[in-house]
Amino acid sequence: MDKVIIAQDLTLSYNNNETIINQCTFDINSGEFVFITGASGSGKSTLLKSLYGALVPKQGELVVGGVKMNNISSKKLNFLRRHVGIVFQDYKLIKEWTIEKNVMLPLIISGYSKDVSEIQVQKLLTHVKLNHQLGKYPLELSGGEQQRVAMARALAHNPIIILADEPTGNLDDYSSQVIWNLLEGACTQLKTTVVVVTHHIPETMKIEYKHLHIEHGSIYEVS
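Values in this document were obtained by computation on a predicted structure and should not be read as measured data.

Each value, and the rule that gives it
Residues numbered from 1 in each chain as written. Predicted model: local features only at pLDDT ≥ 70, side-chain atom pairs only at ≥ 80, totals over all residues. Heavy atoms only, no water. Helix = DSSP H or I, 4+ residues; strand = E, 2+ residues; numbered from the N terminus. Contact = heavy atoms within 4.5 Å. Buried < 20%, exposed > 50% of the residue type's maximum accessible area, 1.4 Å probe, protein only. Pairing = 2+ DSSP bridges. Axes fitted to C-alpha atoms, helices over the stretch in contact; angles between N-to-C directions. Lys, Arg positive; Asp, Glu negative; His and termini not counted. Salt bridge = Lys/Arg side-chain N within 4 Å of Asp/Glu carboxyl O. Polar contact = N/O pair within 3.5 Å; in protein donor to acceptor, adjacent residues only side chain to side chain. Expected span 1.5 Å × (residues − 1). Phe/Tyr/Trp six-rings, centres within 6.5 Å; stacked < 30°, edge-to-face > 60°. Lys NZ or Arg CZ within 6 Å of the ring centre and 35° of its normal.

Participant: It is not clear to me how the side chain of Thr193 should be interpreted in this structure. Could you clarify?
Facilitator: Take Thr193: it is sitting in strand β8 (residues 193-197). Not counting residues within four places of it along the chain, the set of residues in contact with Thr193 comprises Val4, Ile28, Asn29, Ser30, Gly31, Glu32, Ile160, Ile161 and Ile162.

Participant: How should I be thinking about the environment of Glu145 in this particular structure?
Facilitator: Along the chain, Glu145 turns up in helix α5 (residues 143-155). In this structure the C-alpha to C-alpha distance between Glu145 and Asn181, which are 36 residues apart in sequence, comes to 14 Å. When sequence neighbours within four positions are dropped, the list of residues in contact with Glu145 reads Leu130 and Gln133.

Participant: It is not clear to me how helix α3 (residues 99-109) should be interpreted in this structure. Could you clarify?
Facilitator: Count 3.6 residues to each turn of an α-helix, and residues three or four apart come out pointing the same way. Within the sequence span of α3, burial applies to Ile99, Asn102, Val103, Met104, Pro106 and Leu107. On its buried face, α3 is in contact with α4 (114-127) and α5. Just beyond α3, the residue with positive phi is Gly111, at close to 85°.

Participant: What exactly am I supposed to notice about the sheet that holds strand β1 (residues 3-13) here?
Facilitator: With respect to topology, four strands assemble into an open sheet ordered β2-β1-β4-β5, the strand pairing being antiparallel. Each edge of the open sheet carries a strand with a single partner, namely β2 (19-29) and β5 (67-68). The pairing of β1 with β2 spans seven bridges and is classified as antiparallel. In the sheet register, Lys3 faces β2, and the bridge partner there is Asn29. Each of β1, β2 and β4 (59-64) is contacted by helix α1 (residues 44-51), which is oriented at about 125° to β1, the strand it contacts most.

Participant: Would you take a moment to explain unusual backbone geometry for this structure?
Facilitator: Negative phi characterises most residues that are not glycine, and trans characterises most peptide bonds. Phi is positive for Gln23, which is not a glycine, with a value near 50°. Of note, Gln23 is situated in strand β2. We note that His216 has phi near 50°; this positive angle belongs to a residue other than glycine. Summarising the element assignment, His216 is placed in the loop between β9 (210-215) and β10 (218-222).

Participant: What's the story with the side chain of Glu184 in this structure? I'm lost.
Facilitator: Take Glu184: it is sitting in helix α6 (residues 173-190). Buried charge Glu184 goes without a salt bridge, the closest partner of opposite sign being Lys206 at 4.5 Å. Among the polar contacts made by the side chain of Glu184, one reaches the main-chain amide nitrogen of Lys206 at a distance of 3.5 Å. In contact with Glu184, other than residues within four places in its own chain, are Phe33, Thr204, Met205, Lys206 and Ile207.

Participant: How should I be thinking about α5 in this particular structure?
Facilitator: Between the first and last C-alpha of α5 there are 19 Å, a value that for 13 residues agrees with the 18 Å anticipated at 1.5 Å per step. By the criterion of burial, α5 is predominantly enclosed, with twelve of the 13 residues buried. Residues Gly144, Glu145, Gln146, Gln147, Arg148, Val149, Ala150, Met151, Ala152, Arg153, Ala154 and Leu155 constitute the buried set of α5.

Participant: Can you help me understand the packing of aromatic side chains in this one?
Facilitator: Aromatic ring pairs are reported here in terms of the distance separating the ring centres and the angle at which the planes meet. Here the structure, examined in full by the defined rule, presents four aromatic pairs. Ring plane angle 50° and centroid distance 5.1 Å describe the contact between Phe33 and Phe35, whose orientation is recorded as tilted. Per residue, the accessibility class of Phe33 equals that of Phe35, and both read buried. Consider the rings of Phe35 and Tyr209, whose centres lie 5.0 Å apart with planes at 90°: the pair is edge-to-face. Here Tyr209 lies in the loop between β8 and β9 and Phe35 lies in strand β3 (residues 33-38), a separation of 174 residues in the sequence. Judged by its relative accessible area of 39%, Tyr209 is partly exposed. Seen from the ring of Phe88, Lys92 lies directly overhead, with NZ or CZ sitting 4.9 Å from the centre.

Given below as structure tokens:
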């Protein structure tokens with residue numbers, strides 16, 4: 001099975017100060033669903049940042065989607081981000097843009113035509129049951145609806161990897177379940193690799209998953 005993420009003796013820190021992740025080795029297969037857990041401040045979000053290039057490894061090696069993240073060039077980073085979908089706890093939607101335009105953003109960046117982009121956005125908003133809201137703005141929607149828009153945006157450009165940072169942390173039970181169903185569907189139906197940082201793995205998960213836990217700077221797999 002192809003490995004879409006490979007970390008070898010990976011060390012992460014901010015501004016050369018305290019080490020957050022210390023000489024960790026792990027890999028993630030293509031099409032896997034992976035949970036990353038750990039106490040607050042353990043380094044879960046730090047690790048996720050390294051996977052989309054917001055934090056460069058201090059030591060060791062990190063390869064994501066075939067791209068070496070050590071000293072990555074802007075050109076290669078832009079290439080990688082065209083193949084990665086990111087979902088944040090606070091949605092990161094552009095408030096001045098309509099829902100339709102927010103979902104269209106990755107397609108615009110990837111150079112798709114307006115016609116193709118509009119068709120793809122209609123499909124995605126229908127998939128997350130928000131097609132009737134495409135002309136509205138983020139602040140006109142509930143938190144759960146905004147996160148569904150963020151999911152549609154993450155899926156827009158058919159990514160090989162989805163990275164989700166506490167995607168249901170601020171949501172009610174119903175909205176949380178909708179998001180989990182969408183993430184499961186991306187993995188099982190689209191064969192997308194899904195990596196989710198969370199405090200709690202939902203008991204409702206219907207698919208097999210890998211569980212990586214961070215503690216005192218180390219990462220180990222929970223069986």
